[in-house]
Amino acid sequence: MASAASPTALEIEEQVARIRRAQVETEKFVAEQKKLMAEAAKLDRDRTLAPWQIVATTVAATAALIGGTAAVVKIFFP
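Residues numbered from 1 in each chain as written. Predicted model: local features only at pLDDT ≥ 70, side-chain atom pairs only at ≥ 80, totals over all residues. Heavy atoms only, no water.

## A look at helix 2 (residues 9-76)
Convention followed: We count a stretch as a helix when DSSP gives it H or I for four or more residues in a row; a strand needs E for two or more, and each element gets its number in order from the N terminus. Here a helix's expected span is defined as the number of its residues, less one, multiplied by 1.5 Å. Values of bend correspond, residue by residue, to the angle between axes fitted over the seven residues ending at that residue and the seven starting there.
The terminal C-alpha atoms of helix 2, which comprises 68 residues, lie 96 Å apart, in line with the 100 Å expected from a rise of 1.5 Å per residue. Of all the bends in helix 2, the greatest, near 40°, is centred on Leu 49, and the proline Pro 51 appears no more than four residues after it.

Printed below as a string of structure tokens:
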């Protein structure tokens, strides 16, 4: 009866292997979570900066139109 109550070395090794597999899986999930959190932070940053990017693009386009118009006026009306 004493041998039935105490775990054998094979059972202990099996439990250790199971625990190690669980740790590896946990590390994979943590790495995936960190990757998703970084991606979410990037998307949040992009969403925050999007209006400013539109403003900068509009200003640049307006400056180009004004410059082009000035060049055409200078050519036709010296």
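Right, picking up where we left off after that structure.
## A short note on the pattern of salt bridges
Defined as follows: By convention in these notes, a salt bridge is any Lys or Arg side-chain nitrogen within 4 Å of a carboxyl oxygen on Asp or Glu. Note on classification: 1.4 Å probe, protein chains only; a residue is buried when its accessible area is under 20% of the maximum for its type, exposed when over 50%, partly exposed between these limits.
Throughout the structure, instances matching the rule amount to four salt bridges. Across the salt bridge formed by Lys 28 and Glu 25, the nearest N and O atoms sit 3.8 Å from each other. Of the two residues, Lys 28 and Glu 25 are both situated in helix 2; the distance of three residues between them amounts to about one turn of the helix. Relative accessible area serves as the criterion here: at 52%, Lys 28 is assigned to the exposed category. Glu 25 sits in the partly exposed class, given a relative accessible area of 39%. Residue Asp 44 is joined to Arg 47 by a salt bridge in which the shortest nitrogen-to-oxygen separation is 2.7 Å. On the criterion of helical spacing, the pair formed by Asp 44 and Arg 47 is a turn pair, its members being three residues apart in helix 2. Exposure remark for Arg 47: the relative accessible area of 59% places this residue in the exposed category.

## Topic: the environment of Ile 12
Along the chain, Ile 12 turns up in helix 2. Taking the relative accessible area as the measure of exposure, Ile 12 reaches 40% and is therefore partly exposed. As a C-alpha pair, Ile 12 and Asp 44 span 32 residues in sequence and 47 Å in three-dimensional space.

## Considerations on a nonpolar patch on the surface
Basically, it comes down to this: Within the patch definition used here, like charges are joined within 9 Å and nonpolar side chains (Val, Leu, Ile, Met, Phe, Trp, Tyr) within 5 Å, considering only residues with over 30% relative accessible area and no salt bridge. In these tables, accessible area is a Shrake-Rupley quantity obtained with a 1.4 Å probe, and a residue counts as shielded only by the protein chains included in the view.
A surface patch of nonpolar side chains, amounting to about 570 Å² of accessible area, comprises Val 72, Val 73, Ile 75, Phe 76 and Phe 77. By the element assignment, Phe 76 lies in helix 2. Residue classification places Phe 76 among the exposed residues on the basis of a relative accessible area of 61%.

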